[in-house]
Amino acid sequence: EPEVTQTPSHQVTQMGQEVILRCVPISNHLYFYWYRQILGQKVEFLVSFYNNEISEKSEIFDDQFSVERPDGSNFTLKIRSTKLEDSAMYFCASSEAGGGGNTGELFFGEGSRLTVL
Amino acid sequence: AQSVTQPDIHITVSEGASLELRCNYSYGATPYLFWYVQSPGQGLQLLLKYFSGDTLVQGIKGFEAEFKRSQSSFNLRKPSVHWSDAAEYFCAVGAPGIISGTYKYIFGTGTRLKVLA
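All figures in this text were calculated on a predicted structure; none of them were measured in a lab.

Chemist: How would you sum up the nonpolar core? Please name residues and give values.
Modeler: All names here are of chain B. Leu 19, Trp 35, Leu 47, Leu 48, Phe 74, Leu 76 and Tyr 89 are the most contacted members of the largest nonpolar core, which totals 26 residues. Elements supplying a minimum of two residues to this core: β2 (10–14), β3 (19–21), β5 (32–38), β6 (45–50), β8 (64–68), β9 (73–78), β10 (87–96) and β12 (111–116). Tallying contributions element by element places β10 first for this core, with 4 residues. Residues contacting Leu 19, with those up to four places away along its chain left out, are Ile 11, Val 13, Phe 63, Leu 76, Arg 77, Lys 78, Val 81 and Leu 113.

Following this line, the structure appears as structure tokens:
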């Protein structure tokens, strides 16, 4: 069964360093997302991405964050200068093109745990 | 704005007992509804989903949920809990995003289930 894959599964970084989290969405999906879950808290929407541009972002997604689809398969989340409060699990998700009864379903990856020291 | 409330932060049940986890949502139209389970440090596993049709939805691991529009609820149930069901459970509502074709999930704060042997 197709799945969303994320790398790395866990990354430890120093405060102020740049981090890139990578995701390979399901191949025929056109819509891509990042969500974040701070330890012990709920999962929060960060950003959605379609047609090579951000379609929606939350207030969490400030100028330190950026997303990119550098090629036909990868979807990345970059945090330019990490802060302690960026420590969280980051989930990538994708969804298929419009049409059909299940187009509201997001398929989540296993997550990338980021620890900022 | 859409919101999801899971009123129970912690629930403890004995193995073999029945379980009901509550979820209430706020959304203007018929929402897409989901239940996810998360073991510590792990990703999100989809238990079941509701898009339309039969309001009683069957999921994996013996779970079911019932959509009640009049109560804006989507409670998760299991007739007999197993020790392996101990985990965090998240209810989510999916709503269309700003851009047609995209969707945004709003998650509840989660219910942590403890199972007594």
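Having seen the model, we can carry on.
Chemist: Describe the pattern of salt bridges, naming the residues involved and giving the relevant values.
Modeler: Residues and elements named next belong to chain B. For the structure shown, the criterion picks out 8 salt bridges over all chains. Arg 77 is the partner of Glu 66 in a salt bridge, and the nearest nitrogen-oxygen pair spans 3.3 Å. Of this pair, Glu 66 sits in strand β8 while Arg 77 sits in strand β9, and the two are 11 residues apart along the sequence. Of the residues examined, Glu 66 reaches a relative accessible area of 23% and is grouped as partly exposed. With a closest N to O distance of 2.8 Å, Asp 85 and Lys 78 form a salt bridge. Counted as one network, the salt bridges with shared partners bring together Glu 64, Glu 66 and Arg 77.

Chemist: Just give me the short version of the environment of Tyr36(B), but keep the residues and values in it.
Modeler: Inspection of the secondary structure assignment puts Tyr36(B) in strand β5. Remark: the alpha-carbon pair of Tyr36(B) and Val57(B), spanning 21 residues in sequence, is separated by 14 Å. The contacts of Tyr36(B), once residues within four sequence positions are left out, are Leu106(A), Phe108(A), Leu44(B), Gln45(B), Leu46(B), Leu47(B), Glu88(B), Tyr89(B), Phe90(B), Tyr105(B) and Phe107(B).

About the cut-offs
Residues numbered from 1 in each chain as written. Chains lettered and ligands numbered in written order. Predicted model: local features only at pLDDT ≥ 70, side-chain atom pairs only at ≥ 80, totals over all residues. Heavy atoms only, no water. Core = buried A, V, L, I, M, F, W, Y, C linked by side-chain atoms within 4.5 Å. Buried < 20%, exposed > 50% of the residue type's maximum accessible area, 1.4 Å probe, protein only. Helix = DSSP H or I, 4+ residues; strand = E, 2+ residues; numbered from the N terminus. Contact = heavy atoms within 4.5 Å. Salt bridge = Lys/Arg side-chain N within 4 Å of Asp/Glu carboxyl O.

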